[in-house]
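Close look at the chain arrangement
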Amino acid sequence: MNRKRTLILADDHALVRAGIRSLLEGLPNVEVVAEAGDGLAVLELVRRQPVDVVLLDITLPGLNGLEVARHITALGGNTRILMLSMHAGPEYVARALAAGAAGYLVKDSAFEELASALDTVFNGRRYLGKAIDVEVVEQLLANQQAEQPELAVLTPRQRQILQLIAEGYGTRDIATRLSLSIKTVETHRSQLMDRLRIYDVPGLVRLAIRLGLVTPEA
């Protein structure tokens, strides 16, 4: 009998996670070993318990799914990433693939397609959903336009802090969440403002929304 493939489910809505988990538990070859609603929590789970696949939403608090994918890829393990997102735009798909995702599926896909996507990713192949314009995605990747220039000038830590600022966290709270000193957070904050040439919080929030780091309601 083939072993079950282990999976971490990451989505910021508890009811969505519960619904997806219920469906996944009907698959004979999948075991959901953990779930999370926060990007930082996903990373901690993967570091503590490597799995075969992370089923990952893009819109996550703390650290968005694209950044989570980059960090998981940088760990250098065998964990594969399947993005499950409400965003069908080819720029999001290209950015996800550039970040290390092995597949991308839109949330309104049928469950049968999710099962097929998981099987494909489990077996080491790439999967792009039926709703995705693959040709445009490939063009974006070929032209290396998947990542916005604003993000390219920031370090991974500065991207984290930018997202947390946009989510309304103050310096002390950011330091606590990231286990950093207040002085370190202040240094990163100053540097990212200089690199972006944006020196007020509303401006940073507007940029973070435009780049998809946070949603307007965040």
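Scroll up to find the structure this text is about.
The text that follows walks through the structure, step by step, so that each part is easy to find. (Residues numbered from 1 in each chain as written. Predicted model: local features only at pLDDT ≥ 70, side-chain atom pairs only at ≥ 80, totals over all residues. Heavy atoms only, no water.)

A separate point is the overall build of the protein chain. Secondary structure assignment for the protein chain yields 11 helices and six strands. Here the C-alpha radius of gyration of the protein chain, 17 Å, is about what a compact globule of 218 residues would show, namely 17 Å. Based on the C-alpha atoms only, the size of the protein chain along its principal axes is roughly 55 × 35 × 30 Å. In the protein chain, 63% of the contacts between residues at least 6 apart in sequence involve partners at least 24 apart. Total accessible area computed for the protein chain in this model is approximately 10600 Å², and 50% of it derives from carbon and sulfur atoms. Across the protein chain, the 24 positively charged side chains and the 26 negatively charged ones have centroids separated by 6 Å. (Helix = DSSP H or I, 4+ residues; strand = E, 2+ residues; numbered from the N terminus. Rg over C-alpha atoms; globule rule 2.2 N^0.38 Å. Contact = heavy atoms within 4.5 Å. Areas by Shrake-Rupley, 256 points an atom, 1.4 Å probe, with all protein chains shown as cover. Lys, Arg positive; Asp, Glu negative; His and termini not counted. Charge placed at Lys NZ, Arg CZ, Asp CG, Glu CD.)

What follows is about the packing of helix α8 (residues 156-166) against helix α10 (residues 182-196). Two elements in contact, α8 and α10, have axes whose closest approach is 9 Å; the angle formed by their N-to-C orientations is 90°. In terms of orientation, α8 lies roughly perpendicular with respect to α10. Contacts from Arg 157, Gln 158, Ile 161, Leu 162 and Ile 165 in α8 reach Val 185, His 188, Arg 189, Gln 191, Leu 192, Arg 195 and Leu 196 in α10. Split by residue class, the contact of α8 with α10 holds six nonpolar, three polar and three charged. (Axes fitted to C-alpha atoms, helices over the stretch in contact; angles between N-to-C directions. Parallel < 35°, antiparallel > 145°, perpendicular 65-115°, else oblique. Nonpolar A, V, L, I, M, F, W, Y, C, P; charged D, E, K, R; others polar.)

Scanning all chains against the criterion turns up 10 salt bridges. Notably, a salt bridge pairs Lys 107 with Asp 11, separated by 2.7 Å at the nearest N-O pair. Of this pair, Lys 107 sits in the loop between β5 (103-106) and α5 (111-122) while Asp 11 sits in the loop between β1 (5-10) and α1 (14-24), and the two are 96 residues apart along the sequence. Three or more residues joined by partner-sharing salt bridges are found here, namely Arg 17, Arg 21, Glu 25 and Glu 35. (Salt bridge = Lys/Arg side-chain N within 4 Å of Asp/Glu carboxyl O.)

Moving on, we get to unusual backbone geometry. A positive phi angle, near 55°, is found at Ser 179, a position not held by glycine. Inspection of the secondary structure assignment puts Ser 179 in the loop between α9 (171-178) and α10. Relative accessible area serves as the criterion here: at 67%, Ser 179 is assigned to the exposed category. The backbone of Arg 197 shows a phi angle near 60°, a positive value even though the residue is not glycine. Along the chain, the position of Arg 197 falls in the loop between α10 and α11 (201-211). (Buried < 20%, exposed > 50% of the residue type's maximum accessible area, 1.4 Å probe, protein only.)

Let's shift gears to helix α3 (residues 65-75). Those residues of α3 that sit buried are Gly 65, Leu 66, Glu 67, Val 68, Ala 69 and Ile 72. Summarising the contacts, the buried residues of α3 are in contact with α2 (39-48), β3 (53-56), β4 (80-85), α4 (90-98) and α8. Near the N-terminus of α3, the side chain that reaches the backbone nitrogen of Leu 66, with its oxygen 3.0 Å away, is that of Asn 64. (Polar contact = N/O pair within 3.5 Å; in protein donor to acceptor, adjacent residues only side chain to side chain.)

Quick look at the environment of Asp 133 now. Residue position: Asp 133 is located in the loop between β6 (127-128) and α6 (134-142). The partly exposed category is assigned to Asp 133, whose relative accessible area is 40%. Here the alpha-carbon distance between Asp 133 and Ala 14, two residues 119 residues apart in the chain, equals 30 Å.

Residues Val 53 and Leu 55 of β3 are buried on one face, and the alternating residues Val 54 and Leu 56, pointing to the opposite face, are buried as well. By the bridge criterion, four bridges tie β1 to β3 in an arrangement that is parallel. When the sheet's bridge partners are listed, Leu 7 is paired in β3 with Val 53. Pairing of β3 with β4, which is carried by four bridges, proceeds in the parallel orientation. Across the sheet, the residue bridging to Leu 55 is Leu 82, located in β4. Handedness of the β3-α3-β4 crossover: right-handed. (Pairing = 2+ DSSP bridges. Right-handed = clockwise from strand over helix to strand, strands pointing away.)

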